[in-house]
Amino acid sequence: MTVAVAFAFHEDAPTAAAPPARPERSLPQLAPMRYSFEIKKFFYSQYVFSGLRVSLGLALPPIFCLLVFHQADIGFVIASGAISASVVDLPGPLKHKHNEMLACSALGFLSALASGFATISNLTMWLTVVPLTFLLSLLVVYPNRGPQISFGALFMMIINIEQHFTPVQAITNALWLLAGSLWYTYFSYFWNRLTSERTEQQAIAEAIFATAEYMRARARFYDIKENLDDVYRELVAKQIAAVERQDAARDIVLRNLPHLEREGKPSGEWRRVMLFNLFINSVDLHDTIIGSHTDYGMLRQSFGEADILLFFRDLVRKSATELEAIGLAVLQHRASAPVVTMKAELRAIEYEIDKLRRKDLPNRDSAAYATVAASYRRVWSVTRLIDRMHRNTQGERTDTDMTVDQALSRFLVSRRFSFKQLWTNLTPSSPSFRHALRVTLAVAVGLAIGKLLPLTNSYWIVLTTVIIMKPGFSLTRQRNAQRMVGTVIGCAAALALIAFVKDAPVLLAVMFACMFMAYSLVILHYGAATVFISAYVLLLYHLLAPAGMRLIGERAIDTLIGGALAIGISYLYANWEYRLMGPLVKAVIRATRAYLGAVVDVSHRRAPGDGAGARATPAPAAETNATPAQDQVFQGGTVAPAPPGAGLGAAFTPEAAKAAVPPTQSASGQASKQADEQASGQPSAPLAEKPVVPGDQPNGQASEQASGQATAQAGSEAGTQAARTAVTDITAVRAVAPSDTPAATVDALTGGASAPAAAASQPSTAGPETTAPPAAAAPIAAVPSTVPRGGEAIGSQAARALDYDFRYRLARKDVHIAFANLGQAFLRMMREPRSKQRFVAEFNELLIQSHALASQINAIGPLVLAAAPLERRALDSVLQAIGENLAQAENGAPLPADYRETARALSRSLDEMVVDTERAAPNLDGITTQESIESLKALVHHCKQMLSASQIVRQDASTIRL
């Protein structure tokens with residue numbers, strides 16, 4: 001009945017009696033498109049634009065000096081200085097990039113000056129270069145561009161090793177190098193100023209592509225032919241990449257906030273607003289798909305070869321394809337359009353869920369049914385967000401989906417350089433100090449070898465060593481292998497070109513092409529970049545002074561010596577990854593605990609002015625346009641209507657659907673609903689005429705049903721908007737803990753007070769990850785900083801609600817970044833020698849369980865809110881036990897001997913809570929319905945999974961003991 005009514009809204013919909021066609025086992029029709037997509041993605045990416053910028057910045061000085069002054073030597077010295085600054089020219093905020101390139105120029109000038117004066121003898125060179133190498137290598141203590149500044153300064157110093165300067169010549173040479181570095185700094189600065197929007201587009205597109213890859217990895221869970229362990233490993237890698245891309249985009253987007261004014265934005269800023277909103281959407285979508293994580297082993301066991309798993313797989317894959325189309329449209333500076341339709345999969349899954357309901361699966365296997373229904377809700381939310389992202393690329397909106405002010409800077413990492421940080425790392429226990437010692441030793445040995453061997457450019461040995469050596473052994477070994485193989489291939493290619501191509505203009509064109517490809521690939525794939533670097537350097541030397549085979553042979557020999565030296569010395573004072581993973585494990589556990597506290601804290605807050613035991617009264621449906629709490633999806637602290645057919649019990653009738661629409665719905669609201677359905681081509685939510693999504697209305701604000709009544713009560717339109725935001729965004733459901741809820745529950749989860757006393761009065765805005773899918777009644781930007789008279793109480797409630805919302809988003813960001821840091825360290829450890837790998841099984845399991853736990857925490861948000869009006873002592877006990885497990889895991893405490901009995905007792909208490917709720921349902925005056933009971937069962941299932949995951953995390957953390 002539910003399916004038939006939902007399909008009745010679409011003339012071309014199949015009837016409930018007609019089952020959908022069984023899907024194919026794969027999507028071969030999409031495979032040929034991947035090659036075309038990847039090529040377009042590369043040539044519109046930041047890598048190609050960066051390669052073009054660097055190539056022009058390096059090539060223009062020698063060309064200009066040659067054509068105008070006929071001084072090619074000076075031109076190449078200037079180009080060498082430009083190379084030093086170009087190392088720091090990586091994607092990032094323009095202001096910081098400019099300052100960092102200036103710092104590199106200054107340090108490089110001083111280093112070049114010192115090494116220039118030291119060329120009078122080999123002894124003075126050795127005594128000068130070795131100490132400077134140690135000092136400059138210590139700059140790796142600054143993670144933001146510190147390693148790049150260090151290498152840039154070392155490069156300007158190393159290229160003087162083979163020279164013999166007088167004091168005047170040393171000063172002149174250093175000044176020319178400084179001129180080249182400054183030339184490139186300001187060439188890049190003005191280039192980036194002119195293309196700042198393009199840089200932002202590329203960063204956001206990279207984040208969107210990474211999220212799409214993560215979705216493709218998650219789709220494999222629904223394919224029973226895939227091995228779950230292999231899928232988990234791929235998922236962890238894709239999650240790390242997605243977090244990295246999002247963090248890079250966040251750094252660029254949020255540091256460009258001065259371009260987004262809160263009022264009076266010029267019409268030309270609409271594209272920047274669009275990019276800002278797309279970034280928010282991409283983070284929300286990533287968080288939504290993470291929340292769809294479930295017990296895939298149970299799903300496979302319960303449904304096996306059933307069509308529903310294949311429908312889920314195809315729907316997630318198609319969603320990833322749509323997301324890639326949006327990212328490519330952003331790169332190509334155009335509006336996006338859907339490339340595939342997901343209507344069939346959505347309706348097919350809805351049909352399958354209804355069929356399972358008719359087979360009484362909710363009673364026979366409530367956990368399996370709740371799992372598949374919750375997965376459908378999340379995936380449906382993903383499709384709605386993708387539709388919204390399509391629309392965001394098509395319209396000239398000038399309003400943002402959230403407030404833009406300096407509060408968002410709290411989501412950014414400080415890029416300040418502190419001398420105290422450098423001073424505190426001057427200890428042998430510091431990884432940075434050890435790295436500086438290894439680099440210094442390698443340079444000292446490389447200098448000695450270069451003087452002993454009859455080589456034309458012996459500084460290539462030292463330069464190769466500095467390029468290859470990284471703070472971590474695994475990175476050094478990986479870079480060494482890429483450098484060796486790339487150099488050999490590049491030398492062979494250069495040899496073939498020199499042997500068979502005698503036309504100098506052709507060789508010159510090939511050299512510039514190799515130069516462009518080298519700097520385009522240097523970030524994307526260092527091994528491939530090394531091939532082009534070796535080829536273009538050898539071609540350049542051949543064009544300037546033909547030396548035949550000798551130069552090519554020396555290049556290969558120098559690289560092999562430098563690589564062997566780097567990998568050999570890397571074993572000395574090595575920073576084995578397992579020694580550094582203890583703090584990363586604690587950071588993940590601490591962040592997960594804070595994330596759990598942030599989600600649970602939402603359900604424990606009280607409305608302003610309520611007594612200690614009072615509960616917040618839910619807003620009337622006519623004012624909030626909210627669906628019942630149990631049919632809502634929690635997205636980043638906001639509540640959203642459930643997808644079609646997601647009701648877990650009673651079937652909906654046309655009368656029920658009409659009754660869900662507020663009587664004051666305006667004609668414009670109806671028109672907006674119809675436009676939304678036409679744009680998405682997907683079923684609408686059955687409990688409301690239109691899922692309200694921030695930005696769906698022409699002005700980007702939420703629909704304002706019953707605004708007349710609210711205005712009369714609040715006293716002003718602004719007060720009404722604040723009221724609507726506070727009530728709909730946070731407190732539309734009974735999001736307050738019962739009076740008998742233990743006060744220590746939230747404190748046990750977060751390690752502190754559950755709600756700061758000043759939270760209500762402190763101005764606050766949501767973070768950069770403001771969540772919209774698939775609905776929230778009003779964007780955060782709609783809340784004024786000061787509420788007019790008549791709306792002070794509601795405005796205070798709105799400020800408090802936003803404070804909780806802000807805390808949730810910050811906790812969400814922190815847990816993702818902590819997980820990515822631990823995952824990167826684990827992957828690096830797996831590339832180290834087996835004898836240096838520790839607790840591999842424990843780290844692997846801890847990573848998987850941490851990701852699963854964070855996903856389950858994300859998923860329980862709406863369910864915890866829905867359970868707020870119910871008797872929930874058992875639920876609070878379980879949540880407190882999960883928080884206690886995480887707290888003890890952070891301290892390294894093992895599980896108690898009776899933890900199995902404790903877990904079984906807690907599970908029984910949850911089951912008894914469900915039974916008691918079902919028995920009391922007829923006496924709760926409509927507060928509890930069949931849908932809310934099913935939602936409560938889903939919450940119980942998630943809590944059991946979280947309890948099990950927290951126990952495994954605690955056990956692994958106590959075993960690792962680093």
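Cut-offs used in this document
Residues numbered from 1 in each chain as written. Predicted model: local features only at pLDDT ≥ 70, side-chain atom pairs only at ≥ 80, totals over all residues. Heavy atoms only, no water. Helix = DSSP H or I, 4+ residues; strand = E, 2+ residues; numbered from the N terminus. Contact = heavy atoms within 4.5 Å. Expected span 1.5 Å × (residues − 1). Buried < 20%, exposed > 50% of the residue type's maximum accessible area, 1.4 Å probe, protein only. Axes fitted to C-alpha atoms, helices over the stretch in contact; angles between N-to-C directions. Parallel < 35°, antiparallel > 145°, perpendicular 65-115°, else oblique. Left-handed = near helix turned anticlockwise from the far one by under 90°. Nonpolar A, V, L, I, M, F, W, Y, C, P; charged D, E, K, R; others polar. Patch = residues over 30% accessible without salt bridge, like charges linked within 9 Å, V, L, I, M, F, W, Y side chains within 5 Å. Areas by Shrake-Rupley, 256 points an atom, 1.4 Å probe, with all protein chains shown as cover. Salt bridge = Lys/Arg side-chain N within 4 Å of Asp/Glu carboxyl O. UniProt positions renumbered as here; feature names shortened; annotations may be inferred. Phe/Tyr/Trp six-rings, centres within 6.5 Å; stacked < 30°, edge-to-face > 60°. Polar contact = N/O pair within 3.5 Å; in protein donor to acceptor, adjacent residues only side chain to side chain.

A. A look at the overall build of the protein. The secondary structure content of the protein amounts to 35 helices and two strands. Taking all contacts inside the protein whose residues are at least 6 apart in sequence as the whole, residues at least 24 apart take part in 84%.

B. Examining helix α6 (residues 122-137) more closely. An ideal rise of 1.5 Å per residue puts 22 Å on 16 residues; α6 measures up with 22 Å between its terminal C-alpha atoms. Buried within α6 are the following residues: Met 125, Val 129, Val 130, Thr 133, Phe 134, Leu 136 and Ser 137. On its buried face, α6 sits against α5 (94-117), α7 (146-158) and α18 (431-452).

C. View of the packing of helix α13 (residues 307-331) against helix α16 (residues 366-392). Between α13 and α16, the shortest axis-to-axis distance is 10 Å and the interhelical angle comes to 20°. When the axes of α13 and α16 are compared, the pair comes out roughly parallel. In terms of crossing hand, the pair formed by α13 and α16 is left-handed. Where α13 abuts α16, its residues Ile 308, Phe 312, Leu 315, Val 316, Ser 319, Glu 322, Leu 323 and Ile 326 lie against Val 372, Ser 375, Tyr 376, Val 379, Val 382, Thr 383, Ile 386, Met 389 and His 390. Here the residues of the contact of α13 with α16 are counted per class, giving 12 nonpolar, four polar and one charged.

D. Layout of a nonpolar patch on the surface. A cluster of nonpolar residues, Ile 63, Phe 64, Leu 66, Leu 67, Val 68, Phe 69, Leu 508, Phe 512 and Leu 543, forms a patch on the protein surface that exposes about 800 Å² of accessible area. Among the secondary structure elements, those contributing two or more residues to the nonpolar patch are α3 (46-69) and α21 (504-521). For the nonpolar patch, the element with the most residues is α3, which contributes six residues. Note that Ile 63 resides in helix α3. For Ile 63, a relative accessible area of 35% corresponds to the partly exposed category.

E. Geometry of the UniProt feature "transmembrane region" (unreviewed entry) in the protein. Per the UniProt entry, the sites bearing "transmembrane region" (unreviewed entry) are residues 59-88, 124-142, 171-191, 436-453, 488-518, 524-544 and 556-574 in this numbering. Across residues 124-142 one finds 74% helix and 0% strand; the C-alpha atoms that close the span lie 30 Å apart. Between the end C-alpha atoms of residues 524-544 the distance is 30 Å, and the span holds 90% helix and 0% strand.

F. Just the packing of aromatic side chains, in detail. What the rule picks out here adds up to 22 aromatic pairs. Ring centres of Phe 187 and Trp 191 lie 5.8 Å apart, and the angle between their planes is 50°; this geometry places the pair in the tilted category. Remark: Trp 191 and Phe 187 occur in helix α8 (residues 167-194); sequence separation between them is four residues, near one turn of the helix. For the residue pair Phe 187 and Trp 191, the accessibility class agrees, reading buried in each case. Ring plane angle 65° and centroid distance 5.0 Å describe the contact between Phe 221 and Tyr 232, whose orientation is recorded as edge-to-face. Here the residue Phe 221 occupies a position in the loop between α9 (196-219) and α10 (228-255), and Tyr 232 occupies one in helix α10, the gap between them amounting to 11 residues.

G. Geometry of the side chain of His 390. Topologically, His 390 is positioned in helix α16. Side-chain polar atoms of His 390 contact the side chain of Glu 322, separated by 2.8 Å.

H. Looking closely at the packing of α5 against α8. Viewed as axis vectors pointing N to C, α5 and α8 meet at an angle of 170°, and their least axial separation amounts to 8 Å. One element, α5, and the other, α8, form an angle in the roughly antiparallel class.

I. Here's a closer look at unusual backbone geometry. Here His 70, not a glycine, exhibits a phi torsion of approximately 55°, which is positive. Assignment of secondary structure puts His 70 in the loop between α3 and α4 (72-86). Here His 70 falls in the exposed class, since its relative accessible area comes to 62%. Phi at Tyr 573 takes a positive value of approximately 50°, unusual for a residue other than glycine. Turning to its location among the elements, Tyr 573 is positioned in the loop between α23 (549-569) and α24 (577-602).

J. A look at the environment of Lys 318. Its place among the elements puts Lys 318 in helix α13. A relative accessible area of 15% means that Lys 318 is categorised as buried. Considering only alpha carbons, one finds Lys 318 and Ala 212, 106 residues apart in sequence, at a separation of 9.8 Å.

K. The arrangement of the pattern of salt bridges in detail. Tallied over the entire structure, the rule returns 24 salt bridges. We note a salt bridge from Arg 220 to Glu 234, for which the minimum N-O separation is 2.0 Å. Remark: Glu 234 occurs in helix α10 and Arg 220 occurs in the loop between α9 and α10; sequence separation between them is 14 residues. A residue is classified by how much of its surface remains accessible, and Glu 234, at 25% relative accessible area, is partly exposed. Within this structure, Arg 53, Asp 89 and Lys 97 form a network of salt bridges that share partners.

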